[in-house]
Amino acid sequence: MRNVSGRQEQHWTRARASLRQAIARYTYPNRQDGGTPPPPDSRWQAAVQPELDLLQNLLTKLEQGLVRIAAFGLVSRGKSALLNALMGQKVFETGPLNGVTQWPRSVRWLPSGGSKIQVELIDTPGLDEVAGETRAEMAREITRQADLILFVVSGDITRTEYRALCDLRAAQKPIILVFNKVDLYPDQDRQAIEAQLQRLSTEAAQRLDSLLSVLEIVRVSAEPPPLPVRVEWPDGRVTHEWEALPPDIVELQQAILQLLNREGRSLIALNAMVQARAAETAIAQKTLELRSPDAEALIWRYVRYKSLAVALNPIALLDVVGGAIADLALIRALARLYGLPITRYEASKIWRTLMLSSGGLLLGELASSALWGLGKSAAAATSVLESPGNLAGYTGAALTQGAIAGYGTYAIGRAAQMYLEQGCSWGPQGASTLIQDILQQVEPNTILARLRQELEAELQPSENEEPDWI
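Not measured: the values here are computed from a predicted model.

Procedures and definitions
Residues numbered from 1 in each chain as written. Predicted model: local features only at pLDDT ≥ 70, side-chain atom pairs only at ≥ 80, totals over all residues. Heavy atoms only, no water. Helix = DSSP H or I, 4+ residues; strand = E, 2+ residues; numbered from the N terminus. Buried < 20%, exposed > 50% of the residue type's maximum accessible area, 1.4 Å probe, protein only. Contact = heavy atoms within 4.5 Å. Areas by Shrake-Rupley, 256 points an atom, 1.4 Å probe, with all protein chains shown as cover. Salt bridge = Lys/Arg side-chain N within 4 Å of Asp/Glu carboxyl O. pLDDT = per-residue confidence, 0-100. Lys, Arg positive; Asp, Glu negative; His and termini not counted. Pairing = 2+ DSSP bridges.

Asks: How should I be thinking about the overall build of the protein in this particular structure?
Replies: Looking only at helices and strands, the protein features 14 helices and eight strands. A total of 470 residues make up the protein; the buried ones form 47% of that total. Long-range contacts, defined here as pairs at least 24 residues apart, represent 75% of the contacts in the protein between residues at least 6 apart. Of the roughly 23200 Å² that the protein leaves accessible, carbon and sulfur atoms contribute 55%.

Spelled out as structure tokens, the structure:
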């Protein structure tokens, strides 16, 4: 248990450090070490402000150690009554009419049982009572914020509920299926509920790729109907009254408490990093779009400089070394333009990665440059020692080598653009790196372990995919 607690604390601490680094990077995007940040680019700042606000909100949420639990379900499934039962008091409005909850509401909850993690419970309108795009947008926003989803059903699960469950599962958030009103459906045990989900998965056009396990299904009675009781009074009178029964939510309380103690901090760290990765990717895409003309001009400027320098230089070895230095300088210049400050070491890692992932194209450019450089050097030496007429050979070799070098620099520039966009969340403190580390360290037979395959599949293209044009 101590090792589990230590891992959770490490995940939580690293997630906070990652968010602080990202906020500092994008708040002063062109700041140099030890320097003064330049005046902000107002157009860029306005474009990325929603993502910056999200990163700051994620950091605040982590600082508070706050877990958000959202209850979803169709109308009249008892979502509000369930959350009231968890709270131990009537906070969310309930009633005999359908659709009492018209908009999302949230309240803080401190679970009993020793958990020190703060919890925010979110009540939502029924998924079938808010029409069209409004419902979809509301569900997307709440799902994005939530760390855990309680999907509340009762009776036979409908196809509408199954499709909604598929949509929520696609958001890659842990889900507990809460079967409410078990007092009315005593035959619905966990195995029967799981079997019904499997049957729906074979009938529905939209399949739930990873069905919920029995451990992710709980049975509760959030608001049992009152029972009639016979009351005999001392004076001989007999009356009949209705006695309210306490809610039966022990299974759900135990499931939530176990989740918070075993995976709570890792869960909020993982969710924060998933959102941070999306935010940083959006920032990178907006930055590339806004600064594309400047980047194109910068690449062509380095193409001209390198082509001219290589063509005029008579020494073959300096062609290769100088060309590599020019490519590294281009990568760093692009990173500064995009607000992604990198060191010479990091630029050299990008350069090596691009060379190795290019399928031999850029490596071939280096080899060609070396061969033509040797020919150019030989022509230059011959023209000096034997005949000035050999300058034509030198000029031809120089122009050819300059063109090859220029093409290689353009290829490096274009590849670096894509690498900087795709790799903006990598690095020792990057969101993608931390997501991968958390997933590799999760305990088996946990809710997070069930999400590992889906989340890891998303990480692979960002890390290993080669640009289409290479």
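That shown, we press on.
Asks: I keep staring at helix α13 (residues 431-441) and nothing clicks. Help me out?
Replies: Think of an α-helix as 3.6 residues a turn; residues three or four steps apart then line up on the same face. Taken across its eleven residues, α13 has nine buried, putting it largely inside the fold. A431, S432, T433, L434, I435, Q436, D437, I438 and L439 are the residues of α13 that are buried.

Asks: Explanation requested: the pattern of salt bridges in the structure shown.
Replies: Close approach of charged atoms allows side chains of opposite charge to pair. For the structure shown, the criterion picks out 14 salt bridges. Across the pair E161 and R77 runs a salt bridge, and its minimum N-O distance is 2.9 Å. In this pair, E161 is assigned in helix α5 (residues 159-170) and R77 in the loop between β1 (66-73) and α3 (79-87), connecting sequence segments 84 residues apart. Note on R77: relative accessible area 15%, which makes it buried. A salt bridge links R230 to E232; the nearest nitrogen and oxygen atoms lie 2.3 Å apart.

Asks: Could you clarify how one ought to interpret the confidence of the model for the protein in this entry?
Replies: Low pLDDT marks regions whose predicted coordinates should not be analysed in detail. Here the protein averages 76 in pLDDT, while 69% of its residues score no lower than 70. For the protein, per-element mean pLDDT is lowest for helix α11 (residues 361-385), which scores 48, and highest for strand β4 (residues 148-153), which scores 94. Across residues 32-38 the pLDDT falls below 50, and counting only partners more than four positions away or on other chains, this stretch makes five contacts in the model. Low pLDDT, under 50, characterises residues 357-365; the predicted model gives this stretch 15 contacts beyond four residues in sequence or across chains.

Asks: What's the story with the side chain of E263 in this structure? I'm lost.
Replies: For E263, the position within the fold is in helix α7 (residues 250-290). The side chain of E263 sits in the buried core without any salt bridge; R262 is the nearest counter-charge, 5.4 Å away. Residue contacts for E263: discarding those within four places in its chain leaves Q8, Q258, T446, I447 and L448.

Asks: Help me understand the pairing of β1 in this model?
Replies: In regular strands, side chains alternate between the two faces of the sheet. In terms of burial, β1 is largely enclosed, as eight of its eight residues are buried. What you see with β1 is no split at all: L66, R68, A70 and F72 on one side and V67, I69, A71 and G73 on the other are buried throughout. Pairing of β1 with strand β3 (residues 118-123), which is carried by six bridges, proceeds in the parallel orientation. Each residue of the ladder has a partner; that of L66, found in β3, is Q118. Where β1 and β4 come together, five bridges link them in parallel fashion. If you follow I69 over to β4, its bridge partner there is L148.

Asks: Where do I start with unusual backbone geometry in this structure?
Replies: Only a minority of non-glycine residues have a phi that is not negative, and only a minority of peptide bonds are not trans. The backbone of S76 sits at a positive phi, close to 65°, despite the residue not being glycine. Along the chain, S76 turns up in the loop between β1 and α3. Of note in the backbone geometry, K181 takes a positive phi value of approximately 60° without being a glycine. For K181, the location among the structural elements is in the loop between β5 (175-179) and α6 (190-203).

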